[in-house]
Structure formats: structure tokens, C-alpha cells
Amino acid sequence: CGANCVIKKKGTNAMKLNTLFEQKKIVFSFEVFPPKKTSSIQTIYDTLDALSDLNPDFISVTYGAGGNPADHSTVEIASTIKHKYHIEPLAHLTCLNSTKEHIGQVLNELRENEIENILALRGDRNPDVPPKTDYRYARDLIEELNHHGEFDIAAACYPEVHPECPDMEEDILHLKEKVDAGASHLISQLFFDNNDFYNFLYRVREAGIMVPVEAGIMPVTNRKQIERMVSLCGASLPKKFVKIMHRYGDDPAAMQDAGIAYAVEQIVDLISNGVQGIHLYTMNNPLIARRISQSVASLIRCSNRAE
Ligand code: FAD
């Protein structure tokens, strides 16, 4: 089924994510990405089959990540998440390399597929593609979406400062612009030191940004992945993490176990400190997502029961 085709509804209860954050003390969500080649699209459906019984509160689907031109697969995958698995999808949408006309087309596809939650992003700069001029920042897209009034809008935030921004103070000012423009919740870039997240959250609240902030957690289970991630998003590596990498980096099974244990430890600490949401970057690996989810499921249940 292509993106323009609405998969028949099977009793899906539509849920805007702002309602979810009102109902739950801790929201637990996953992120997946469309496979690079459209010919491999089946692999994402196998992944979703395996992820769906882990009961995430929502699953987000990336859009043209890395500055690649987006195809229709984000909407198609989000639609399957909603109508086949009855899990709320959050469709990412980037604007820097888009025109208003193209964004209008994507919004129509989202409407046709009854997708109500959008993570509104500027998108990464692609050195080989000059940006278009209709949108400069995510805030411009958020304003436009808010004007439509029918979508719940999330936005990205950066505990270690966005790489293009000179300092945290300015980055948080721009973050506030996104929230003032209509973002109802924030999802953080991955980080490996929870203190970075706590310091950031303190400054965010001090700046008067009161919307829920989900902590983005990436289980790092092989050396190549970590090198790529750090160069892409500039996350710093705590000594403890570097030691793990040096000790186990050449042994795939040991590195996987250590990476999962590290992510679980981060999540346990975040939940104990009252974080409002955990967003797990699954890297489309359901086995790793399963081990992490099972390790923290009772903590999340317990926190959601607590007064
Ligand atoms: P913005 O909020 O627009 O900020 C970008 C930069 O501009 C920041 O340095 C900010 O401080 C600065 N800025 C903002 N407003 C102003 C202003 N008025 N004046 C001057 N400077 C300003 N990328 C993809 O391509 N696809 C995805 O699906 C995707 N998903 C993501 C999910 C999450 C949770 C995160 C954290 C990132 C994701 N990204 C994705 C990456 C993201 O697109 C990049 O980090 C991008 O460089 C910034 O996007 P943004 O929406 O945060 O931009």
C-alpha cells in the first residue's frame, strides 16, 4: 500500500500525544527509520512486528534523515503503525530542504492516513544540496502546523547544545520560540551522561519552558555505530563509556551486552529522577529494544501507578 492509500481502520483510538503526557507519569516510546532502499521496505515491517508487542506508548518514524531527499515511506510506515498495530505514530517532518507546496502535500497524506502527531524539525544541512528558502528554522514549520490546528506538534532539543549554536543560553532561547510557536512536547538528542540531561532540564525550566521533555536514549552496541553517532550529533562520551568501548569494542557479543546494560542503567536513573519520558532510538533492532524494554518495564509500570 502506498502512502496515498488509507489502510482501513480497525477500531484505532486516535490519541494526540499531549493527552498521553497528561495521562501518564512516564511515557515510553520508540523511534524507527525507513530503510534506505525502498526495495528493503519489508524489513521495517518485520521490525514493527517484533516491536509492537513491547507496548510502546508511541512509535516515531524518521523523515529523510541525514539530509537525504524524503520519499513517501515515513507516512506509509506511520500509517501501518497506527492502523495495523494500533499504536500511535509520530511522523517526523523536516522543512529546510522543502517548499511550502511539498510540505502541503505531505500534510495531506498525513491527514488521509489519520496521522495526528508530527515531530517538526528543521532537518540536517546537506553539504551537497543548497537549502530551499521557504523555511529557515523548525519554528517556521511549527508556526505553520499550529495554524492548521489539527496536529499535535513535538520538537527536538539538545542537552549538549545543537552543534550549530554557540551556547546553551541561545539554544534554549530558540527552543522557547519553538514551544511558544506550538510545540507541546520535546524529544532530546541522544546523550550518554545523565548529568548533561539534568543540567539542561534545569535550564529549560528556568527559561519558563514547561512542556514534557523526553530523554532520547541510544543503546550503543558496536564500535562503528558509536563513532558515526558521535561525529553526527557531537554527543560527548563519559570516561565510563570509553572504558567499556575499549574493553569490549572488538568483541561484538560483549559490546552488545555492555551497551544494553549501559542504556538500562541510564534509564533506571532517569526514571528514578522523575523524567517524563524515555524515547528509545531502536536503530530498527527489535532484539536490543526488547532486552531494554523488558529490563525497565516494571519500573515504568510502578512509576505510572505511583501517586
Ligand atoms: P531548529 O530548532 O531550527 O534549530 C537549528 C539550529 O538553529 C539550532 O542551532 C538553533 O539554536 C538555531 N536557531 C533556531 N532558531 C533560530 C533563530 N531564530 N535565529 C538563529 N538561530 C536559530 N533529522 C532528519 O533529517 N530527519 C529526522 O527524522 C530527524 N529526527 C530527529 C529527531 C530528534 C529527536 C532529534 C533530536 C533530531 C532529529 N533530526 C532529524 C536531526 C535534526 O534535523 C537536526 O539536529 C537539525 O540540525 C536541527 O533540527 P531542529 O528541528 O532542532 O532545528
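Figured I'd write up the structure that's included with this text. (Residues numbered from 1 in each chain as written. Predicted model: local features only at pLDDT ≥ 70, side-chain atom pairs only at ≥ 80, totals over all residues. Heavy atoms only, no water.)

1. Some details on the packing of aromatic side chains
Defined as follows: Any two of the Phe, Tyr and Trp rings considered here, Trp counted by its six-membered ring, make a pair once their centres fall within 6.5 Å; the pair's planes then place it as stacked at under 30 degrees, edge-to-face at over 60, or tilted in between.
Counted according to the given criterion, the structure contains five aromatic pairs. Ring-pair connections join several aromatic residues into one group, and the members of that group are Phe 191, Phe 197 and Tyr 198.

2. A word on the pattern of salt bridges
Inclusion rule: The salt bridge definition used is simple: a Lys or Arg side-chain nitrogen within 4 Å of an Asp or Glu carboxyl oxygen. The helix and strand labels rest on DSSP assignments: H or I over at least four residues marks a helix, E over at least two residues marks a strand, and numbering proceeds from the N terminus. For every residue, the accessible area (1.4 Å probe, protein chains only) is compared with the maximum for its type, and the residue is labelled buried under 20%, exposed over 50%, or partly exposed between those bounds.
Applying the stated criterion across every chain, the model contains 13 salt bridges. Note that Arg 290 and Asp 53 form a salt bridge whose closest N and O atoms lie 2.8 Å from each other. With Arg 290 in helix H11 (residues 286–305) and Asp 53 in the loop between helix H2 (41–52) and strand S2 (58–61), this residue pair connects regions lying 237 residues apart in the sequence. For Arg 290, a relative accessible area of 24% puts it in the partly exposed group. Connected through salt bridges with shared partners, the residues Arg 122, Arg 125 and Glu 164 form a single ionic network.

3. Quick look at the environment of Phe 28
Here is the rule: Any two residues whose heavy atoms approach within 4.5 Å at even a single point are treated as in contact.
As for its placement among the helices and strands, Phe 28 is situated in strand S1 (residues 27–32). Given the relative accessible area of 6%, Phe 28 is considered buried. For the pair Phe 28 and His 279, spaced 251 residues apart in the sequence, the C-alpha separation amounts to 6.1 Å. The residues contacting Phe 28, other than those within four sequence positions of it, are Pro 56, Asp 57, Phe 58, Ile 278, Leu 280, Ser 293, Val 296 and Ile 300.

4. A short note on the pairing of S2
For clarity, the threshold we go by: By definition, two strands form a pair when at least two bridges between them are found by DSSP. Convention used here: a crossover is right-handed provided that the path from the first strand, over the helix, to the second strand proceeds clockwise when the strands point away from the viewer.
With burial as the criterion, each face of S2 is covered, one bearing Phe 58 and Ser 60 and the other bearing Ile 59 and Val 61. Strand direction decides the pairing type here: S1 and S2, joined by four bridges, are parallel. For Ser 29, the partnering residue across the bridge sits in S2 and is Phe 58. Running through H2, the crossover from S1 to the neighbouring parallel element S2 is right-handed. Where S2 lies against strand S3 (residues 88–94), four bridges are found, and the strand directions are parallel. What sits directly across from Ser 60, in S3, is Leu 90.

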